[in-house]
Structures are given as structure tokens and as C-alpha cells.
There are 2 protein chains.
Amino acid sequence: MEPRQERSRATRRRLLDAAILCLAEVGWSGSTVALVAARAGVSRGAAQHHFRTREDLFVAALRHAGAARVGEMRRHAAGLPTGRERTEAVVAMLVDAYTGAEFAAGVQLWAAAANAPALRAQVLPLEEDVGRQAHRAAVELLGVDEGAPGVRESVQACLDLARGLGLAGLLTDDGPRRERVVRQWAVMLDAAVGAARSPVR
Amino acid sequence: MEPRQERSRATRRRLLDAAILCLAEVGWSGSTVALVAARAGVSRGAAQHHFRTREDLFVAALRHAGAARVGEMRRHAAGLPTGRERTEAVVAMLVDAYTGAEFAAGVQLWAAAANAPALRAQVLPLEEDVGRQAHRAAVELLGVDEGAPGVRESVQACLDLARGLGLAGLLTDDGPRRERVVRQWAVMLDAAVGAARSPVR
């Protein structure tokens, strides 16, 4: 890559990271392009060169963060145990993906989109894409056959549960409760999809 | 009740209802006491007589809405089927409780509280109280013994799943998907807690 291209890419990346932190910390109404540019140490003009609108910037930031989370999960796949223990490890990993600044930023964007049609029109396809990626990763990591009855819905329930636990955890960090729910949910999931597990696991 | 007390109670109730709709429709940053008072057809002075601060008004509105939802669930208990069908009916009822204007308002308050310590200090005990009421109602409606291993965590997972489905449903009304997840989750829940069901059901 040319140095100029590389610099441009680094600037974009700094803006995306700053956008996540900004959204998580001050919410949508206070999250302006100017504030993100200042936090990223980028001129406002440069920020506007990369992202035409405020919506573009924050949707791109969440898209990048979502894909990064799914990528991380896949990279950890090799280190996961097999059999029943694998189910609990995968559930814990999915639930962990719905925490931190990325998820907090997602909730702020989601809440804002509920009342802003222009933003909503961009958030819906974002959510669909990231949701699809997360679903596919979950199926692969669990090593289950989605064609078997109930498997698809069980995996979806897994992601919905993770989202619900994430929302609860936004205001309080109740780790021990989350762990107990994850353990019990893994037992239930294993009972439901264990037979659909591919024999290589 | 004296006519004056009755009028005061009706005014308070109108303010609470208007607060829910206002918060669901315009979000926290636009939801002022003045706007709620105008929507409720109440003078600003009267609104401030009932609620000293903006936080007090919206927290009271969510507390009232939460208790009303739990009360509704209990009233429907008599009409529920018994056995396995009961599990699905109860899960569907719980999931339904996390929809509509009340839940949308809750998400807005929740998102705002993440970045506002004073609001957060009031939202946390509210959430704890409503969560405890919902948990107790779920245990009773499912007719399970919470002392049996895994039952408490299964019921918690149920409420976390409902919250996650509710958040997903805030931007899209994907009823058919929700129904499929509810059905599968009911099968899993029944398998997990069926043995802990009290014999009278």
C-alpha cells in the first residue's frame, strides 16, 4: 500500500474507534462528527472526507466493530474444547461479545434509531448483516447441523439471550449472575442440539 | 375517596401514561416535563406538584408500567392451559411483556441512564424491583419449584431472552421469528424444569 493510502486507512480506523467510545460514553444526541474528530485527533475536514454524514460515521463504526467481534470469535475457535464443554465455551463467548463499549454503543444507536427514520433505515441492514455473521459463526463454532429440527431456533435464542444479558449488563456488571445463566443455558442448549452435533467434534 | 383526591390521582395517572408515550416516541433527550404535561393536558405547575424532577416523573412512569404488566400476567394465569402447553403459553406471555410502548420507553430510559449517573441511580432500583416482580410471577405461572437445581437460572434466562427479543423487536416487528424462538425455547425450558413442576398443574 502507498504511504498516503496507509495514512488514510489509519485515519479512518481512528475515527471508527473514537466513534464507538464517543457513542458509548455520551449517547447519540451528544455524539457529533466534530466531537469524534477531536477525540480521534483528526481535523473535521478529514473526518468529513471519510464520512459524509453523522449517520454514515456511526453505522460504519458499528459495522466494523461487529465484524471484528465475529472475527475474534472465529480466531478463538481452535482453542475451544470438544463435546459438551464446547457448548458452554461457545455460549460464554457469544455472551461476552454482547458486552463492552461496542455493545454499549450499539444500544445507543439502536435506541436513537427507534425514533429517527433516516438512521433506522441504515441501522436495520447493519443489524441484519452483523446478525447473520454472528449466527453463522455460532452454528460453526457449536458444530451443529442447522438442518436438524429446532437447531436454527436454538441458535437464534442463543443470540437473543446474549443480547438480553448484554442489555441487563449495561447498567450493572453482574458477572456471577451472567455466569450462572450461561452455564444453565449451555446445559439446555446441549440437550436440545447435542444430537445435531457433527461427528467430527 | 374525596373528589379532590380522585382528581389528583387521575392527573397523576395521565402524566404517567403520557410520559411512557413521550419517551417511546421522542427518546430521553427530547422528553421534558413540559412536553409530557402538554400531552397529558395538565399545567406545568400541576406536573411539578406531582413530580419534583424529570427523573422522578419518568422513573415513576416505568415503575407503574412494569407493575401493571406483571399484574396483567397474573390476571391471565387462570386461563392458562396445564402441562407442557402451559410452558409455551407462559413464555409467550413473558416475551409479549417486553414489547410495545412500555418496553420502548424502558430502552430509552435504560440507554440514557448508561451515561447519566443521577438517572442511573434511580433506574437501577427500579429495574431490580420490576425484575424481581417479573421473576416471581414467572416462577408462579410456570408452577415450578425454584429450589430444584437449575430452575432459578432457567427462569432468569427466560427473562433475559424476552429482553433480547424485545430489543430486536424495537426496530422491526418480526413476529414469526419471535414465535419460532418462543416455541423452541418452551420445548427446552420444559425439558429443563418439567421435573420441578408442582404436581397440582
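Residues numbered from 1 in each chain as written. Chains lettered and ligands numbered in written order. Predicted model: local features only at pLDDT ≥ 70, side-chain atom pairs only at ≥ 80, totals over all residues. Heavy atoms only, no water.

Visitor: Please provide a residue-by-residue account of the overall build of chain A, values included.
Guide: Helix and strand counts for chain A stand at nine helices and zero strands. Helices and strands appear in chain A in the N-to-C order α-α-α-α-α-α-α-α-α. Reported as C-alpha extents along the three principal axes, the dimensions of chain A are approximately 55 × 40 × 30 Å. The 201 residues of chain A split such that 50% are buried. A separation of at least 24 residues holds for 71% of the contacts in chain A among residues at least 6 apart in sequence. Averaged over its 27 positive side-chain charges, chain A has a centre that lies 4 Å from the centre of its 23 negative ones. (Helix = DSSP H or I, 4+ residues; strand = E, 2+ residues; numbered from the N terminus. Buried < 20%, exposed > 50% of the residue type's maximum accessible area, 1.4 Å probe, protein only. Contact = heavy atoms within 4.5 Å. Lys, Arg positive; Asp, Glu negative; His and termini not counted. Charge placed at Lys NZ, Arg CZ, Asp CG, Glu CD.)

Visitor: Pulling in residues and values, what's your account of the UniProt feature "domain: HTH tetR-type" (unreviewed entry) in chain A?
Guide: According to UniProt, the feature "domain: HTH tetR-type" (unreviewed entry) maps to residues 9–69 of chain A in the numbering used here. Secondary structure across residues 9–69 of chain A comprises 87% helix and 0% strand; the distance between its end C-alpha atoms is 20 Å. (UniProt positions renumbered as here; feature names shortened; annotations may be inferred.)

Visitor: Give me the UniProt feature "DNA-binding region" (unreviewed entry) in chain A: which residues, what numbers.
Guide: The sites that carry the UniProt feature "DNA-binding region" (unreviewed entry) are, in the present numbering, residues 32–51 of chain A. The distance from the first to the last C-alpha atom of residues 32–51 of chain A is 12 Å, and the span holds 75% helix and 0% strand.

Visitor: Requested: an account of the relation of the copies chain B and chain A, with residues and values cited.
Guide: For the pair chain B and chain A, the best superposition has an RMSD of 0.0 Å and corresponds to a rotation of 180° with a translation of 0.0 Å parallel to the axis. Taken together, the rotation and translation describe the operation of a two-fold axis. Looking at the interface residues of chain B, 100% of them are also at the interface in chain A, so both copies use one shared face. (Least-squares fit on C-alpha atoms with pLDDT ≥ 70 in both.)

Visitor: How would you sum up the interface of chain B and chain A? Please name residues and give values.
Guide: Across the boundary between the two partners, chain B contributes 39 residues, which contact 39 residues of chain A. Linking chain B with chain A are three salt bridges. For the pair chain B and chain A, the number of links is 16 residue pairs in polar contact (both at pLDDT 80 or more). Listed by contribution, the elements that provide at least two residues to the side of chain B that touches chain A are helix 1 (3–30), helix 6 (100–113), helix 7 (117–142), helix 8 (151–168) and helix 9 (175–193) of chain B. Sorting elements by how many residues they give to the side of chain B that touches chain A places helix 8 of chain B first, with eleven residues. Classifying every residue of the side of chain B that touches chain A by side-chain character gives 22 nonpolar, ten polar and seven charged. (Salt bridge = Lys/Arg side-chain N within 4 Å of Asp/Glu carboxyl O. Polar contact = N/O pair within 3.5 Å; in protein donor to acceptor, adjacent residues only side chain to side chain. Nonpolar A, V, L, I, M, F, W, Y, C, P; charged D, E, K, R; others polar.)

Visitor: So what's going on with the side chain of A:T11? Residues and values would help.
Guide: Looking at the secondary structure, you find A:T11 in helix 1 (residues 3–30). Among all residues touching A:T11, those that are not within four sequence positions of it are A:V42 and A:H50.

Visitor: I'd love a proper account of helix 6 (residues 100–113) of chain A, names of residues and values included.
Guide: With 14 residues, helix 6 of chain A ought to run about 20 Å at 1.5 Å a step, and its terminal C-alpha atoms sit 20 Å apart, in line with that. Burial analysis of helix 6 of chain A places ten of its 14 residues in the buried class, the great majority of the element. Looking only at helix 6 of chain A, the buried set comprises A:F103, A:A104, A:A105, A:V107, A:Q108, A:L109, A:W110, A:A111, A:A112 and A:A113. Those residues of helix 6 of chain A hidden inside the fold are in contact with helix 1, helix 4 (54–76), helix 7 (117–142) and helix 8 (151–169) of chain A together with helix 6 and helix 8 of chain B. (Expected span 1.5 Å × (residues − 1).)

Visitor: Quick one: what's the story with the nonpolar core, residue by residue and with numbers?
Guide: Ranked by size, the top nonpolar core spans 147 residues in total, and within it A:L109, A:W185, B:L109 and B:W185 carry the most contacts. Filtering out sequence-adjacent residues up to four positions away, A:L109 remains in contact with A:L23, A:W28, A:F58, A:V59, A:L62, A:L119, A:V123 and A:L126. (Core = buried A, V, L, I, M, F, W, Y, C linked by side-chain atoms within 4.5 Å.)

Visitor: Give a description of the environment of B:V33 that names residues and reports values.
Guide: All names here are of chain B. By the secondary structure assignment, V33 is in helix 2 (residues 33–40). For the pair V33 and L15, spaced 18 residues apart in the sequence, the C-alpha separation amounts to 9.2 Å. In contact with V33, not counting residues within four places along its chain, are A47, R54 and L57.

Visitor: Go over the packing of aromatic side chains, please, and point to the residues and values.
Guide: A full pass over the atoms with the stated rule returns five aromatic pairs over all chains. With centroids separated by 5.2 Å and ring planes inclined at 35°, the aromatic side chains of A:W185 and B:W185 adopt a geometry described as tilted. Residue A:W185 is located in helix 9 (residues 175–193), and its partner B:W185 is located in helix 9; the two belong to separate chains. Considered together, A:W185 and B:W185 belong to a single accessibility category, that of buried residues. Above the ring of B:W28, the side-chain terminus of B:R54 is found at 3.9 Å from the ring centroid. (Phe/Tyr/Trp six-rings, centres within 6.5 Å; stacked < 30°, edge-to-face > 60°. Lys NZ or Arg CZ within 6 Å of the ring centre and 35° of its normal.)

Visitor: Could you give an account of the pattern of salt bridges, naming the residues involved and the relevant values?
Guide: Within this structure, the stated rule accounts for 29 salt bridges over all chains. Ionic pairing is found between A:R74 and A:E140, a salt bridge with its closest N-O pair at 2.5 Å. Note that A:R74 is positioned in helix 4 and A:E140 in helix 7, a separation of 66 residues in sequence. For A:R74, a relative accessible area of 33% gives the class partly exposed. Close ionic contact of B:D173 with B:R178 constitutes a salt bridge, the shortest N to O distance being 3.5 Å. According to the relative accessible area criterion, B:R178 is buried, its value standing at 17%. Beyond isolated ion pairs, a larger network of salt bridges with shared partners links A:R63, A:E128, A:D129 and A:R132.

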